[in-house]
Amino acid sequence: MATKRTAQQQSSDPAAQEMLIRAEELGIGTAFTRADNMAPCNIGGAGMCCKQCGMGPCRLTKEGQVGVCGATLDTIQARNLIRAIAAGVAAHSDHGRDMAFTLKAVANGETEGYTIRDVAKLRIVASKYNIPVEKRSPQEIANELADLYISQFGQQKGEVAPVIRAPKKRQQLWRQLKVVPRGIDREVVEALHRTHIGDDQDPEHILQHAIRTGLADGWGGSMIATDISDILFGTPAPILGQANLGVLKDDMVNVVVHGHEPTLSQMIVAASQDPEIIEYAKAAGAKGVQLSGICCTANEILMRQGIPAAGNFLHQELAILTGSVEAMVVDVQCIMQALVGLAANFHTKIITTSPKVRITGATHIEFDEHKALTIAKQILKEAIDNYKNRGKTHIPQIREDLIPGFSHEYINYMLGGSYRASFRPLNDAIMAGRIRGVAAIVGCNNPRSSQDYLHNYVVKELLKQDVLIVQTGCGAISSAKLGLMLGEAGLTEVGAGLREVCETVGIPPVLHMGSCVDNTRILTVLTQMVEEGGLGDDIDQVPAVGLAPEWMSEKALAIAAYCVASGAYVIFGGASPISGMPDRVADSDKVLHYISQGWEKLYGGKLEFIAEPDEMIKATLAHIDKKRAALGLPVYDPAKFGRSGDARMLELEKLPLAERRQAIYGTAAD
Ligand code: NFS
């Protein structure tokens, strides 16, 4: 049954609410209203539908029922889940593959406009694989690294190379359980083969391969994507940025880049600052070109150049509804087909650029790294030429500042400086109980819940509990819009111990670590925390939890699989794709049971779907406390650091001088 929600129920972001009211006035539908008008299929949504062959689709709605081939509900659910994970891995890793080809082309001097920006990172990454770096040019090293990385996709036997970057104990576990990926493409293909009609039918056996497939992403394709993005475009470091629709400008040509790959968007950033383009924009009557981003493309250029983010996933239609966007330039992933129809109500041009993605009705200007700068300029000129067609605009004047750019390299440096960069202060703060634990809150928006509501609720509650938050993807943009990623901003809402650490180090309590492929930065942080000592000898011992409160994409499930395999407890909000029959006893639900208790027994990590935000928080804290206890760390006590550090100084400042002296020096005398 259709339920119509108010704008306030559809999104908790005031800028989005303003645009949703505007959409209603204009009679234009969005993902929010389409979600209201179409309830999800309760059979498919719960993983009870099998459409793997032409005898079906088989819908299993009664206990004991099987498909035409005899497939049980458990088998069907496991097959559906691994297929989703494989699709997510394919998306992330194909992005990684293209980055590897770009690195190769840059190394050979075949591209236009790209250079190797971060030679230090190139040398560090190459050294990890014993690629010689001394007395070699960056091009030579990059060439060899590119060859190694390209070969990971088609490798047939052995182990994908980045696996050696995991903690030693974890690598041994993976080898012992035979889940080390042999080659990235091979694991994805095998996932599809195993789930073809009449193949692998044992749910646990299918899901064991889901782990191997997921690992091919986290310690494979995604890690490769992050490495190469840093090498080519620079490793992120803190920089000032802005987020939300208010970054769009009335007097400038607005170009929104949306999607995931940084290759074209980085070149559009460069082109938008080119005097030729600025002049061209001025000749068209605008002050210049205002570039902004949506989704992970936004994160890529926000992290490195401070280019503003117009918003997260559910903002893509809302940006067009402002009537101020001359062009939305898209590459791959998370691009709604509805954009073209929506844009027809305005002057906005939707420009597809990837050879892999076309949308009927969109303008296609194909990206080619060999002519990258020329193409970027061509795209910007198309947008500028469209400025004259702009009608009435409605831009919500809502935006927040933020400081993104917390790569693991920077966190390391920030905690110890150039000469003693280390994770020691972070580990010490956790061990002392100033920081209770760490939560990675990542993933999408989903119009089935109120946009950003679950993200924001979970973030705010965990901050009060002295949990340090790291974020990527659309979750990061959600906190950015809320103003939680700006130094002292938000610190009043943070527990006293965490606050003191943030004030001492000079960091926001919520750290923006990048796009979704950059979740691999979190794997690296966890590994370095383990290597630093004091928090056990493997990732599953660290008091940390991963959450995706508003997940919707298959990529999110891929991330969940590799995080579990790496030892993390992963909690997904919203609907479970394997919830099964409502009256089914949990223990008889093999898949549900296996990805939680089963995986925990094997990997120390587990995946659970928890719809209620308070339950998510409870489960997160219970897990963190359980891990603290297992490490023999002091029981977390919120009052312990409540009267220390800056919080204490602020209290003392309010006292008359004599009393203040008494409190600090034990005497009121001068
Ligand atoms: Ni991640 Fe990034 Fe956003 Fe979800 Fe889509 S943009 S790769 S999939 S919606 S977080």
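What counts and how
Residues numbered from 1 in each chain as written. Predicted model: local features only at pLDDT ≥ 70, side-chain atom pairs only at ≥ 80, totals over all residues. Heavy atoms only, no water. Helix = DSSP H or I, 4+ residues; strand = E, 2+ residues; numbered from the N terminus. Buried < 20%, exposed > 50% of the residue type's maximum accessible area, 1.4 Å probe, protein only. Contact = heavy atoms within 4.5 Å. Areas by Shrake-Rupley, 256 points an atom, 1.4 Å probe, with all protein chains shown as cover. Lys, Arg positive; Asp, Glu negative; His and termini not counted. Charge placed at Lys NZ, Arg CZ, Asp CG, Glu CD. Near = heavy atom within 4 Å. Nonpolar A, V, L, I, M, F, W, Y, C, P; charged D, E, K, R; others polar. Domains from an automatic or database assignment. Phe/Tyr/Trp six-rings, centres within 6.5 Å; stacked < 30°, edge-to-face > 60°. Lys NZ or Arg CZ within 6 Å of the ring centre and 35° of its normal. Arc of directions from axis to C-beta. Salt bridge = Lys/Arg side-chain N within 4 Å of Asp/Glu carboxyl O. Pairing = 2+ DSSP bridges. Axes fitted to C-alpha atoms, helices over the stretch in contact; angles between N-to-C directions. Core = buried A, V, L, I, M, F, W, Y, C linked by side-chain atoms within 4.5 Å. Donors = N, O, S within 2.8 Å, 3.2 Å for Na, K, Ca; no water. Tetrahedral: all angles 85-135°; square planar, octahedral: opposite > 155°, others 65-115°. Parallel < 35°, antiparallel > 145°, perpendicular 65-115°, else oblique. Right-handed = clockwise from strand over helix to strand, strands pointing away.

Let's talk about the overall build of the protein chain
Scanning the protein chain from N- to C-terminus turns up 26 helices and 16 strands. Viewed in the frame of its principal axes, the protein chain has a C-alpha envelope of about 80 × 70 × 65 Å. The buried share among the 670 residues of the protein chain stands at 60%. Across the protein chain, contacts joining residues at least 24 apart in sequence account for 74% of those joining residues at least 6 apart. Total accessible area on the protein chain is roughly 25200 Å²; 54% of this is exposed by carbon and sulfur atoms. Positive and negative side-chain charges of the protein chain, numbering 67 and 76 respectively, have mean locations separated by a distance of 2 Å.

Some details on the site of the ligand
Close to the ligand lie His260, Cys295, Cys296, Phe313, Cys334, Gly443, Cys444, Cys474, Cys516, Met552, Ser553 and Lys555. Of the residues in the shell around the ligand, the class split is 8 nonpolar, 3 polar and 1 charged. The two domains that each donate at least three residues to the shell around the ligand are domain 3 (241-389) and domain 4 (415-573 + 610-630).

Brief notes about the packing of aromatic side chains
Summed over all chains, the structure comprises 10 aromatic pairs. If you follow Lys381 out to its NZ or CZ, it ends over the ring of Tyr280, 5.3 Å from the centre.

A few points about helix H8 (residues 184-194)
Among the residues of H8, Ile184, Glu187, Val188, Glu190, Ala191 and Arg194 are the ones counted as buried. The buried residues of H8 occupy one face: seen down the axis, they fall within an arc of 160 degrees. The outward face of H8, more than 90 degrees from its buried face, is lined by the exposed residues Val189 and His193. On the buried face of H8, the contacting elements are helix H4 (73-107), helix H6 (138-154) and helix H9 (203-233).

Here's the deal with the pattern of salt bridges
Inspection of the entire model under this criterion finds 46 salt bridges. Between Asp227 and Arg165 there is a salt bridge, and its shortest N-O distance comes to 2.8 Å. Here Arg165 lies in the loop between H6 and helix H7 (168-176) and Asp227 lies in helix H9, a separation of 62 residues in the sequence. Residue Asp227 is classed as buried on the basis of its relative accessible area of 2%. Between Arg436 and Asp625 there is a salt bridge, and its shortest N-O distance comes to 2.6 Å. With a gap of 189 residues between them, Arg436 in the loop between helix H17 (424-432) and strand E11 (437-441) and Asp625 in helix H24 (residues 613-631) connect regions that are remote in the sequence. Among the ionic contacts, a cluster of salt bridges with common partners joins Lys121, Asp230, Glu300, Arg304, Glu409, Asp518 and Arg521.

A short note on the sheet that holds strand E15 (residues 569-572)
Backbone hydrogen bonds hold the strands of a sheet together, and the pairing may be parallel or antiparallel. Ordered in space as E13-E12-E11-E14-E15-E16, the 6 strands form an open sheet in which the pairing is parallel. Looking at strand neighbours, the two that pair on one side only are strand E13 (510-512) and strand E16 (606-609), the edges of this open sheet. With strand direction ignored, the average angle separating the axes of adjacent strands in the sheet is 20 degrees. Note that E11 and strand E12 (residues 467-471) share 5 bridges and pair parallel. Paired with Val438 across the bridge in E12 is Leu468.

Quick notes on the nonpolar core
Counting 170 residues, the largest nonpolar core has Leu462, Met529 and Phe572 as the members making the most contacts within it. With 14 residues, H9 is the single largest residue contributor to this core. Beyond its immediate stretch of four places on either side in the chain, Phe572 contacts Ala548, Trp551, Ala556, Leu557, Ala560, Leu607, Glu608, Phe609 and Ile610. Counting 36 residues, the second-largest nonpolar core is a separate cluster that includes Ala15, Ala16, Val247 and Val256.

Notes on the coordination of the nickel atom of the ligand
If you check the protein contacts of the nickel atom of the ligand, you find one donor only, Cys516 (SG), at 2.3 Å. The site at the nickel atom of the ligand holds 4 donor atoms, and with the angles between them running 90 to 168 degrees, its shape is irregular.

Quick word on the packing of H4 against helix H22 (residues 554-565)
For the pair H4 and H22, the least separation of the axes is 7 Å and the interaxial angle reads 95 degrees. Relative to H22, the element H4 is oriented roughly perpendicular. Residues Leu81, Ala84, Ile85, Ala87, Gly88, Val89, Ala91 and His92 of H4 lie in contact with H22, whose contacting residues are Glu554, Lys555, Leu557, Ala558, Ile559 and Ala561.

Considering the domain arrangement of the protein chain
What the domain assignment reports for the protein chain is domain 1 (7-59), domain 2 (73-233), domain 3 (241-389), domain 4 (415-573 + 610-630) and domain 5 (643-670). For domain 3 versus domain 5, the separation of C-alpha centres amounts to 54 Å.

What about the environment of Leu526?
Tracing the backbone through its elements, the reader meets Leu526 in helix H21 (residues 519-532). Residues Leu526 and Pro167, spaced 359 residues apart in sequence, show a C-alpha to C-alpha distance of 9.1 Å. In contact with Leu526, other than residues within four places in its own chain, are Ile539, Val542 and Ala544.

A word on the pairing of E12
Counting buried residues along E12, 5 of its 5 residues qualify, which places the element largely inside the surrounding structure. Across the two faces of E12 the burial is the same, with Val467, Ile469 and Gln471 and Leu468 and Val470 all buried. In this region the chain leaves E11, passes through helix H18 (residues 453-464) and returns to the parallel neighbour E12; the handedness of that crossover is right-handed. The sheet contact formed by E12 and E13 spans 3 bridges and is parallel. Within E13, the position partnered with Val470 by the bridge is Leu511.

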